[in-house]
Amino acid sequence: MIEKIINSISDFLLRLETRFGLVATSLILSLIFIGIAVAYVEPVFTIKFHGILFSDLSSHPFDFTKENHLQYRILGPLLGYLSYLRGDLFYFLPFIFIVIFPGTVYFSYRKKQFEPADSFFAACFITFSCVVLLPLIAPGYTDIITWFFIFLAFSNAKKTIVSAAFYSLALLNHESSIALLPGLILYSCWSQNSGFTKIIFMYLLACIPHLLYRQYVNAHAAPLYDVSFYLSEGNIGFVMRKLVLYLPAAIFYAFKLWWIFPVCFMAWSLHEKKFLQSSIIACIIGGGCMLSFVGYDYTRMVVIAFPAVLLSYEWFTEILEKKKLRMLTVIIIALNFLILQYHFNFDGAVPMFPWILNKISAIFGIPLA
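Residues numbered from 1 in each chain as written. Predicted model: local features only at pLDDT ≥ 70, side-chain atom pairs only at ≥ 80, totals over all residues. Heavy atoms only, no water.

Notes on the nonpolar core
And step 1. Phe-101, Ile-126, Tyr-167, Phe-255, Trp-258 and Phe-306 are the most contacted members of the largest nonpolar core, which totals 106 residues.
And step 2. With near-sequence residues (within four places) excluded, Phe-255 lies in contact with Phe-125, Ser-129, Val-131, Val-302, Val-303, Ala-305, Phe-306, Val-309 and Asn-336.
And step 3. Of all hydrophobic cores here, the second largest spans 11 residues; its members include Leu-247, Tyr-253, Phe-344 and Phe-353. (Core = buried A, V, L, I, M, F, W, Y, C linked by side-chain atoms within 4.5 Å. Buried < 20%, exposed > 50% of the residue type's maximum accessible area, 1.4 Å probe, protein only. Contact = heavy atoms within 4.5 Å.)

Looking at the pairing of strand S1 (residues 342–345)
And step 1. Alternating positions in S1 separate into two faces, Tyr-342 and Phe-344 on one and His-343 and Asn-345 on the other, with burial throughout.
And step 2. Sheet analysis places S1 next to strand S2 (residues 348–351), joined by 4 bridges and oriented antiparallel. By the bridge assignment for S2, Asn-345 is matched with Gly-348.
And step 3. Connecting S1 to the antiparallel partner S2 that follows it, the hairpin turn spans 2 residues. (Helix = DSSP H or I, 4+ residues; strand = E, 2+ residues; numbered from the N terminus. Pairing = 2+ DSSP bridges.)

Concerning the pattern of salt bridges
And step 1. Going through the model one piece at a time under the given rule, you end up with 10 salt bridges.
And step 2. When the shortest N-O distance is used, the salt bridge between Glu-314 and Lys-112 registers 3.7 Å. Linking Glu-314 in helix H17 (residues 307–319) with Lys-112 in the loop between helix H5 (92–111) and helix H6 (116–127), this pair joins segments that are 202 residues apart in sequence.
And step 3. The exposure class assigned to Glu-314 is buried, which follows from its relative accessible area of 8%.
And step 4. Given a relative accessible area of 31%, Lys-112 falls into the partly exposed group.
And step 5. The salt bridge involving Arg-326 is made with Glu-115; its shortest N-O contact spans 2.8 Å. Of this pair, Arg-326 sits in helix H18 (residues 322–338) while Glu-115 sits in the loop between H5 and H6, placing them 211 residues apart in sequence. (Salt bridge = Lys/Arg side-chain N within 4 Å of Asp/Glu carboxyl O.)

Digging into unusual backbone geometry
Excluding glycine, most residues fall at negative phi; most peptide bonds, likewise, are trans.
And step 1. In this structure, Gln-113 takes a positive phi of about 70° despite not being glycine.
And step 2. Tracing the backbone shows Gln-113 in the loop between H5 and H6.
And step 3. We note that Lys-273 has phi near 60°; this positive angle belongs to a residue other than glycine.
And step 4. Along the polypeptide, Lys-273 turns up in the loop between helix H14 (260–271) and helix H15 (275–291).
And step 5. On the basis of relative accessible area, Lys-273 is assigned to the exposed category, the value being 64%.

Digging into the environment of Thr-299
And step 1. Position of Thr-299 relative to the elements: it lies in helix H16 (residues 298–302).
And step 2. Residue classification places Thr-299 among the buried residues on the basis of a relative accessible area of 0%.
And step 3. Along the sequence, Thr-299 and Glu-318 sit 19 residues apart, while their C-alpha atoms lie 30 Å from each other.
And step 4. If we skip the residues at most four places from it in the chain, Thr-299 touches Cys-130, Ala-250, Tyr-253, Ala-254, His-343 and Phe-344.
And step 5. Within the structure, Thr-299 has its side chain in polar contact with the backbone nitrogen of Phe-344 (distance 2.9 Å). (Polar contact = N/O pair within 3.5 Å; in protein donor to acceptor, adjacent residues only side chain to side chain.)

Details of the environment of Asp-11
And step 1. Here Asp-11 shows up in helix H1 (residues 2–20).
And step 2. Classification of Asp-11 by relative accessible area gives partly exposed; the value is 41%.
And step 3. When the C-alpha positions of Asp-11 and Ala-117 are compared, they lie 9.1 Å apart, and in sequence the two are 106 residues distant.

The quantities given are spatial measurements derived from coordinates; they are silent on function.
Here is the structure:
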């Protein structure tokens, strides 16, 4: 039965591509996926916390007379300013990236000659994990923009200049992208089967725009969220007080059962002495987990490690029987829908439930969390 479902999905996607083209098919798939995601996790439309700061910054990205602690993270607000999605309209900009992200993933994998079913599953992972679900409940936050360009950087790792350009954009959007630089460099070296020197040089060049902009900001303002703040004893102590309690759950709920792929691939690659590939996955996951030591939105910090899931799934398509891999993937997707979604921060578990469950809870007074 599962095999029939997979074949039907593949046939349907191929027919769409034949009739409307790959771009239109990717957009259609994206809209369908986001519709399902919105039904699975009730979106939030009230801008709070950093969403307010990003919205304010989009109205005056280079006005340093107005204090804004997120001034280093300029790309999202600048895009909002240039597209006239400023101030109260800024939350539309991250939502646009939410809508196009699944389709971009499907399109990228199809262009890399992956079969429709495998491209479909990659887009499923992006949509039905915290990569998309978390931004749906955090309007105005620009993490989805960072993750979008991180994906493009990894997706184009065979073209160092293109990949480095996308990585530079991710870094201009959020300095947390630096956590994935070692993994990206290793993956680029593996993809091109070439030496480190040129590749490292290109990615280091990609960091320069962000570093120069930080110097420019520092010459005109003193944003709170700088390196000294995050690495301060006070901040790390504050974060660590609850991290020891919540980190395992925070990590799990970032991707839920999708973690099976990177964990199993790490075990396989170590057994087969594929040490470069295992190092890539370890660097990506390690980078994401390390961010949780300096930021109290624990799950949100870990989500940046999503390329580890995509890469491990890619590599499994080359070494496992596709029929079995796809059946396992369908089972993971189904079980993940049955596991109610949470994310974890300093205050503990925050439910991300469907609208219908929230309504039932409110009407009958049944606590869900």
